[in-house]
Amino acid sequence: MNSEMVAADPGRHMLSTYRHGWDGQGQAVQAPVEFREQAAGSRESLRPPQDEDAARTVELGGTEVLVAASLLRELSARLRHDAARGLISPDAEQVAALSDELVERFYTATGLRG
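Please read all numbers here as calculations on a predicted model, not as lab measurements.

Parameters at a glance
- Residues numbered from 1 in each chain as written.
- Predicted model: local features only at pLDDT ≥ 70, side-chain atom pairs only at ≥ 80, totals over all residues.
- Heavy atoms only, no water.
- Helix = DSSP H or I, 4+ residues; strand = E, 2+ residues; numbered from the N terminus.
- Rg over C-alpha atoms; globule rule 2.2 N^0.38 Å.
- Buried < 20%, exposed > 50% of the residue type's maximum accessible area, 1.4 Å probe, protein only.
- Contact = heavy atoms within 4.5 Å.
- Lys, Arg positive; Asp, Glu negative; His and termini not counted.
- Charge placed at Lys NZ, Arg CZ, Asp CG, Glu CD.
- Expected span 1.5 Å × (residues − 1).
- Pairing = 2+ DSSP bridges.
- Polar contact = N/O pair within 3.5 Å; in protein donor to acceptor, adjacent residues only side chain to side chain.
- pLDDT = per-residue confidence, 0-100.

### Structural notes on the overall build of the protein
Then comes step 1: Looking only at helices and strands, the protein features 3 helices and 3 strands.
Then comes step 2: Along the chain direction, N to C, the helices and strands of the protein fall in the order β-β-β-α-α-α.
Then comes step 3: Taken over C-alpha atoms, the radius of gyration comes to 17 Å for the protein, far larger than the 13 Å a tight globule of 114 residues would show.
Then comes step 4: Projected onto its principal axes, the C-alpha positions of the protein cover 50 × 45 × 25 Å.
Then comes step 5: Relative to its full complement of 114 residues, the protein shows a buried share of 22%.
Then comes step 6: Restricting the contact set of the protein to residue pairs at least 6 apart, pairs at least 24 apart contribute 54%.
Then comes step 7: Considering the protein, the positive charge centre built from 12 side chains and the negative charge centre built from 18 side chains are found 6 Å apart.

What follows is the structure, given as structure tokens:
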């Protein structure tokens, strides 16, 4: 399979996430995802399900939660640092805010603080 990938701009796009689709000739293509698109899509995914049966529970240990929260805090800080200096798109603030929200969710769910 020969898929075409559009290059991501590290200043505007996620480097780990691509949108997959098909071009007019039926060939697979990958397009970069902008920070604001990632934040909006992730927020949509994090909304509580309307169907109670659709809710899933995942268990994480306290150490896993603290490590994940620490990494998310670092991501948030680096995104804000680079956005404030014009090194990346101001839209990165949306991903930073989402990271902060996830950290708070982790802390609230576990009663732990880093």
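### Here we look at helix 2 (residues 62-84)
Then comes step 1: Compared with an ideal rise of 1.5 Å per residue, which puts 23 residues at 33 Å, helix 2 spans 33 Å between its outermost C-alpha atoms and is within 8% of the ideal.
Then comes step 2: If you check which residues of helix 2 are buried, you get Val65, Ala69, Leu72, Ser76 and Leu79.
Then comes step 3: On its buried side, helix 2 packs onto helix 3 (92-110).
Then comes step 4: Immediately beyond the C-terminal end of helix 2, within one or two residues, lies Gly86, with a positive phi of roughly 75°.

### Some details on the pairing of strand 2 (residues 13-22)
Then comes step 1: Two strands pair when backbone bridges link them, and strand 2 and strand 3 (residues 28-34) are joined in this way by 6 bridges, in the antiparallel orientation. Paired with Trp22 across the bridge in strand 3 is Ala28.
Then comes step 2: From the end of strand 2 to the start of strand 3, which pair antiparallel, there are 5 residues, and Gly26 there has a positive phi angle of about 80°.

### Thoughts on the side chain of Glu34
Then comes step 1: You can see Glu34 is positioned in strand 3.
Then comes step 2: One polar contact links Glu34 to Arg36, side chain to side chain, over a distance of 2.9 Å.
Then comes step 3: In contact with Glu34, other than residues within four places in its own chain, are Arg12, His13 and Asp91.

### Regarding the confidence of the model for the protein
Then comes step 1: Per-residue confidence for the protein gives a mean pLDDT of 89; residues scoring 70 or more make up 92%.
Then comes step 2: When the elements of the protein are averaged for pLDDT, strand 1 (residues 4-5) gives the smallest value, 70, and helix 2 the largest, 95.

### A look at the environment of Arg36
Then comes step 1: By the secondary structure assignment, Arg36 is in helix 1 (residues 35-46).
Then comes step 2: For Arg36, a relative accessible area of 40% corresponds to the partly exposed category.
Then comes step 3: Sequence separation between Arg36 and Leu87 is 51 residues; the distance between their C-alpha atoms is 16 Å.
Then comes step 4: If we ignore the near neighbours within four places in the chain, the residues touching Arg36 are Asp91 and Gln94.

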